[in-house]
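Geometric and topological summary
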Amino acid sequence: GRNPFRLVLGDVASADTFFPSAIARGSSTNVEPVGIGFPAGTVITANVPNSEGRRAGLLLLPATGKPLSAAPPIRISDAVEVLETASADGTLQQVDASFLDNSHTPVVINGRIAQPKEEDRYTLNVTPGQTLTMRIDARSIDSPLDARLAVRLNGQVQIVKDDRPGSRDPLLNYKVPAGVKQVDVSVADLYGRGGSHFLYRLQIVPVGRPNFSLRVA
């Protein structure tokens, strides 16, 4: 049907997805299985060869002393993949979205709304006058997040979106004002929810350049 689900019974270790939900082609990345039965801090090192064509790969789940269910595939990306990191002093994580090299490669921030009423904020280093397309992928990676995406300049909200035609994942275009080299973006759940499965991918790319949508059949 339109709302598939998986029922797992018993004292098992089962991964529903991974965080981050995609890994860059040609990289070595630590990923966290998201599910049940794994000790806190469990990570798997994913090594992805720099080969064309593969859109997904399979990971071997770590032994936990419990029966293991089959692991879902993890997506392989050709974007610049950035992982959300927390700052001890509250400084916003800075992400290069200047696209000064005329690259056609999107920048994607992988994040998670881990707690109810949490809001993730980032500072983007941008190019004055450039128009950026920003979009959230949550539903397409089987996340329950109903995202709200906002752009702020000097603390003032410039634009906010919570959906787009045909999808509950938001998309917006934002033209960077002249003389501006930094803007802040934020991601939150529209209903104030959060948890280990509330993952998202925030994709940023200049208008008119290709963007990528990740789906695994």
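I will try to describe carefully the structure that is included in this document.

Analysis parameters
Residues numbered from 1 in each chain as written. Predicted model: local features only at pLDDT ≥ 70, side-chain atom pairs only at ≥ 80, totals over all residues. Heavy atoms only, no water. Helix = DSSP H or I, 4+ residues; strand = E, 2+ residues; numbered from the N terminus. Rg over C-alpha atoms; globule rule 2.2 N^0.38 Å. Buried < 20%, exposed > 50% of the residue type's maximum accessible area, 1.4 Å probe, protein only. Contact = heavy atoms within 4.5 Å. Areas by Shrake-Rupley, 256 points an atom, 1.4 Å probe, with all protein chains shown as cover. Phe/Tyr/Trp six-rings, centres within 6.5 Å; stacked < 30°, edge-to-face > 60°. Lys NZ or Arg CZ within 6 Å of the ring centre and 35° of its normal. Pairing = 2+ DSSP bridges. Axes fitted to C-alpha atoms, helices over the stretch in contact; angles between N-to-C directions. Core = buried A, V, L, I, M, F, W, Y, C linked by side-chain atoms within 4.5 Å. Polar contact = N/O pair within 3.5 Å; in protein donor to acceptor, adjacent residues only side chain to side chain.

**Brief notes about the overall build of the chain**
From N to C terminus, the chain includes zero helices and 16 strands. Taking 17 Å as the expected radius of gyration for a compact globule of 217 residues, we find that the chain reaches 18 Å, a close match to that expectation. In terms of overall dimensions, the chain has a C-alpha envelope of 60 × 40 × 40 Å along the principal axes. For the chain, buried positions account for 44% of its 217 residues. When contacts within the chain are restricted to residue pairs at least 6 apart in sequence, long-range pairs at least 24 apart make up 70% of them. Total accessible area on the chain is roughly 11500 Å²; 51% of this is exposed by carbon and sulfur atoms.

**What about the packing of aromatic side chains?**
Applying the stated criterion across every chain yields a total of zero aromatic pairs. Note that R112 overlies the ring of F19, its terminal NZ or CZ placed 4.5 Å from the centroid.

**Side note on the sheet that holds strand 4 (residues 44-47)**
Spatially, the three strands line up as an open sheet ordered 1-3-4, and their pairing is antiparallel. Edge positions in the sheet fall to strand 1 (14-19) and strand 4, since each has one partner strand and no second. In this sheet, adjacent strand axes meet at a mean angle of 45° when their direction is disregarded. Examined bridge by bridge, strand 1 and strand 3 (residues 28-36) share five bridges and lie antiparallel to one another. Bridging across to strand 3, T17 finds its partner in V34.

**Section: the sheet that holds strand 10 (residues 119-125)**
With mixed pairing, five strands are arranged side by side in an open sheet as 8-10-15-12-13. On the outer flanks of this sheet lie strand 8 (93-96) and strand 13 (156-161), each paired with one strand and no other. Averaged over all pairs of adjacent strands, the angle between their axes in this sheet comes to 30°, without regard to strand direction. Bridge count for strand 12 (residues 147-153) against strand 13 is five bridges, and the pairing is antiparallel. If you follow V151 over to strand 13, its bridge partner there is I159.

**A word on the nonpolar core**
Grouped together as the largest cluster of nonpolar side chains are 30 residues, with contacts concentrated most on L124, M134, L202 and I204. Counting only elements with at least two residues in this core, the list comes to strand 9 (107-112), strand 10, strand 11 (131-137), strand 12, strand 14 (171-175), strand 15 (182-189) and strand 16 (199-206). Looking at this core element by element, the count peaks at four residues for strand 12. Apart from residues no more than four positions distant in its own chain, I204 is found in contact with A97, F99, P106, V107, I109, L124, L132, T133 and M134. Counting 13 residues, the second largest nonpolar core, distinct from the first, contains A15, F38, V48 and I76.

**Quick notes on the side chain of N110**
Its location among the elements puts N110 in strand 9. At a separation of 2.7 Å, a polar atom in the side chain of N110 contacts the side chain of E81. Those residues in contact with N110, other than ones at most four positions away along the chain, are F19, P20, S21, A22, E81, V82, L83, E84, Y200 and R201.

**Structural notes on the pairing of strand 6 (residues 74-77)**
Alignment of strand 2 (residues 22-24) against strand 6, held across three bridges, turns out to be parallel. Each bridged residue has a counterpart across the sheet, and for A22 the counterpart in strand 6 is R75. When strand 5 (residues 56-57) meets strand 6, the two strands line up antiparallel, connected through two bridges. Its bridge partner lying in strand 6, A56 is registered against R75.

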